[in-house]
Amino acid sequence: MLKRDIESIKCFITPFYELNFQAKWDKLSVSEKQELITSYIDSIEVIKNDKDIKIKHITFRKTFIEEYANIFNSGGINSNQEIKANDVPINIEVSAPMTREEIKSYIKKLQLNFPIDYQELKKEQINDQEFMLKYSKGNYFNEPFKLIPILDKFKITNYGLIEVPVSPINIINVDI
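If you're wondering where the values come from, they're calculated on a predicted model, not measured in any experiment.

Quick notes on the rules
- Residues numbered from 1 in each chain as written.
- Predicted model: local features only at pLDDT ≥ 70, side-chain atom pairs only at ≥ 80, totals over all residues.
- Heavy atoms only, no water.
- Helix = DSSP H or I, 4+ residues; strand = E, 2+ residues; numbered from the N terminus.
- Phe/Tyr/Trp six-rings, centres within 6.5 Å; stacked < 30°, edge-to-face > 60°.
- Buried < 20%, exposed > 50% of the residue type's maximum accessible area, 1.4 Å probe, protein only.
- Lys NZ or Arg CZ within 6 Å of the ring centre and 35° of its normal.
- Core = buried A, V, L, I, M, F, W, Y, C linked by side-chain atoms within 4.5 Å.
- Pairing = 2+ DSSP bridges.
- Salt bridge = Lys/Arg side-chain N within 4 Å of Asp/Glu carboxyl O.

With that out of the way, let us pick up the environment of Leu-110. Mapped onto the elements of the fold, Leu-110 is located in helix α5 (residues 100-111). The spacing of Leu-110 and Asp-5 is 105 residues in sequence and 8.3 Å in space, taken between C-alpha atoms.

This next bit is on the packing of aromatic side chains. Evaluated as defined, the whole model comprises one aromatic pair. Here Phe-131 and Tyr-159 contribute two aromatic rings whose centre-to-centre distance is 5.3 Å and whose plane-to-plane angle is 20°, an arrangement assigned as stacked. Linking Phe-131 in strand β6 (residues 131-133) with Tyr-159 in strand β8 (residues 156-165), this pair joins segments that are 28 residues apart in sequence. Since its relative accessible area comes to 10%, Tyr-159 is described here as buried. Just above the ring of Phe-131 sits the side chain of Lys-123; from NZ or CZ to the centre is 4.9 Å.

Membership of the largest hydrophobic core comes to 13 residues, with the highest contact counts inside it found for Ile-9, Ile-103, Leu-110, Ile-116 and Ile-162. Counting only elements with at least two residues in this core, the list comes to α5, β7 (142-151) and β8. The element contributing the most residues to this core is α5, with four residues. Counting residues in each nonpolar core, the second largest holds six residues, with Ile-92, Leu-147, Tyr-159 and Leu-161 among its members.

Here the focus is the pairing of β7. Burial analysis of β7 places eight of its 10 residues in the buried class, which makes it a mostly covered element. In the sheet, strand β4 (residues 88-94) pairs with β7 via two bridges, with the strands oriented parallel. Bridge pairing in β7 links Glu-93 to Lys-146. Sheet analysis places β7 next to β8, joined by nine bridges and oriented antiparallel. Within β8, the residue paired with Asn-142 across the bridge is Pro-165.

A word on the pattern of salt bridges. Summed over the entire model, instances satisfying the criterion amount to four salt bridges. Between Glu-45 and Lys-56 there is a salt bridge, and its shortest N-O distance comes to 3.5 Å. Of the two residues, Glu-45 sits in strand β1 (residues 41-48) while Lys-56 sits in strand β2 (residues 53-60), which places them 11 residues apart along the sequence. Residue Glu-45 is classed as partly exposed on the basis of its relative accessible area of 40%. Across the pair Lys-146 and Glu-93 runs a salt bridge, and its minimum N-O distance is 3.4 Å. Taken together, the residues Lys-146 in strand β7 and Glu-93 in strand β4 connect sequence positions 53 residues apart. Classification of Glu-93 as buried rests on a relative accessible area of 14%.

Set out below in structure tokens:
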């Protein structure tokens, strides 16, 4: 989870990060791309028309599916959730629940790489299905990155929010 979040934060912080990734992919040879893809896929069935190719069926490697299931079951896969901030819908990543101790350790690891901020948001129940989190930006140049449900004696009482800095600096030259 840490490695994936570091890559995601790089997308937030570094302008053109995804373009650099795309440029690297474009530089790979066909055989290098095939090797990477076949490390996850056992077989693929396609339908070829005059102008395009459509995927009919993909069989993923059993080891890949098992690894994915293990990561999912251990809470290592996050979900994106649409929330409202001042009646404006935004998408934010929501992680698996953690204890305060786990969050504290995780934040320290992230802060070794980035100047992130963290704050705890109190969960205020509106009704049986809805709750509200009161949030104020810690820094004007920060953006919300991830919500973490906080486990307190097997119950989610509050949420932690990780903010990442979004640079207002325009980059002129990019080394691709």
